[in-house]
Amino acid sequence: MREQTWQRLRTPRRRSAVAASVAVAMAAGVLAAGVLTPTAASAAAASAAAKPDTVQQGLDALVRQDELPAALATVKDRKGRTQAYTAGVGDLATGAKVPKDSQVRIGSNTKTFTAVVALQLVGEGKVRLDEPIETYLPGLVRGAGIDGHRITVRQLLQHTSGLPDYEGDIDEATLQQRYFEPRELLDMAFRHKAGSAPGEKFEYSSTNYVLAGLLVQKVTGRPLAEEIDRRIVQRIGLRHTSFPGTGDRSIREAHPQGYRQEKPGGPLIDTTELDPSAGWAAGQMISTNADLDQFFTALLGGRLLPAAQLAEMRTTVPIADSGAGYGLGLISRPLSCGGVYWGHGGDIPGFETRGGATDDGRAANIAVTQIPADGAVTRRLEQVVDTALCR
């Protein structure tokens, strides 16, 4: 659901491929000298094994120093080789290990899936990006300073509509137990005044994506979950990605437990089972880090959208002064090694996820099993993503 980075910006094992390449290079150097003795080979292997894996170190620090229950990641290099990582404890009650590349709730990464379906409909000529949402959902978008005649589909997908967010009206305890219809979420949002005029500035609001989900359903005549499954999940073979059905509070495959804390220093409360309907088109989905790597790589590679719609998706507005930009359900973030990566990220009680992919095929996604209370911890999580993509 809420991508908490926006709030903060406004205020803001196995050997790695790198280690393996070191071993090969060292061995090759000895061969070039004409001799590869057992001692030299052993020294080369020991040197490679001793080289620290910076991704693992980053996850370990999130657990040890930032006191998150668990962290897990999957990293893919340019050649498609993947490596999964874990740190911490998967279940505080039993002490069980974190299952590698297991399912987690992916929160606002769901927005990218919803945006892809909406843009597919644009490519099919069924939706126009610069058409008012009133055309597709007549009479629905109304409130103080809110008029669906003045808000375009593009502005919804890019969070420049000025629409107020409903999420502040739902506390975490209620969210865990209660089912919400999409129209209920809109009713909560439209009790508030518009935050700004349409097109004036970027203001992150999950209300935009509830409307985008309703748009998809109105145009296709099918449930949003079915369209995401047919048009994305099945199309590119995401084996562990799903949009939970009505009343489904479980994570069905292997997973770590997710936790929330009602106040700093308070006990961790298991929030793994919850009703994710308050997220819906903005944050309801479940996936794995590897599936997210595959999804963002396929998206950037042109397997999900025509070139024209992908270009629209990648046309961004600035997110404050962070250096990041928001497109149509897709975020660009700068890399310390140059260039950018494209992804989203998301928070929902119990889980925070960050990651994305580069144009040359690198990908990394990381999840932790508690939403950090301190924005500095989320920034360190994003630094681990940067480390994974830049090594």
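Preceding this paragraph is the structure being described.
What you see is a predicted model, and the numbers here were worked out from it, not measured in a lab. (Residues numbered from 1 in each chain as written. Predicted model: local features only at pLDDT ≥ 70, side-chain atom pairs only at ≥ 80, totals over all residues. Heavy atoms only, no water.)

Caption draft 1: Geometry of the state of the cysteines. Taken as a whole, this structure holds one disulfide when the rule is applied. The residue that forms a disulfide with Cys337 is Cys390, at a sulfur-sulfur distance of 2.1 Å. Here Cys337 and Cys390 share a disulfide; its torsion about the S-S bond, -75°, makes the bridge left-handed. With Cys337 in the loop between β11 (331-334) and β12 (340-343) and Cys390 in helix α13 (residues 375-390), the pair connects residues that are 53 residues apart, well separated along the chain. Cys337 gets classed as partly exposed once you look at its relative accessible area, which sits at 43%. (Disulfide = S-S within 2.5 Å. Helix = DSSP H or I, 4+ residues; strand = E, 2+ residues; numbered from the N terminus. Buried < 20%, exposed > 50% of the residue type's maximum accessible area, 1.4 Å probe, protein only.)

Caption draft 2: Structural detail: helix α4 (residues 54-64). Taken residue by residue, α4 has Val55, Gln56, Gly58, Leu59, Leu62 and Val63 as its buried positions. Take α4 and look down its axis: the buried residues cluster within an arc of 160°, on one side only. Of the surrounding secondary structure, the elements contacted by the buried residues of α4 are β1 (70-76), β2 (82-88), β15 (363-368) and α13. The N-capping residue of α4, defined by a side-chain oxygen 3.0 Å from the backbone nitrogen of Val55, is Asp53. (Arc of directions from axis to C-beta. Contact = heavy atoms within 4.5 Å. Polar contact = N/O pair within 3.5 Å; in protein donor to acceptor, adjacent residues only side chain to side chain.)

Caption draft 3: Representation of the packing of helix α5 (residues 109-123) against helix α10 (residues 224-236) within the structure. With their axes 10 Å apart at the nearest point, α5 and α10 run at an angle of 90° to one another. Put simply, α5 runs roughly perpendicular to α10. Each of Phe113, Thr114, Val116, Val117, Gln120 and Leu121 in α5 lies in contact with α10, whose residues at this interface are Leu224, Glu227, Ile228, Arg231, Ile232 and Arg235. Taken together, the residues of the contact of α5 with α10 sort by class into seven nonpolar, two polar and three charged. (Axes fitted to C-alpha atoms, helices over the stretch in contact; angles between N-to-C directions. Parallel < 35°, antiparallel > 145°, perpendicular 65-115°, else oblique. Nonpolar A, V, L, I, M, F, W, Y, C, P; charged D, E, K, R; others polar.)

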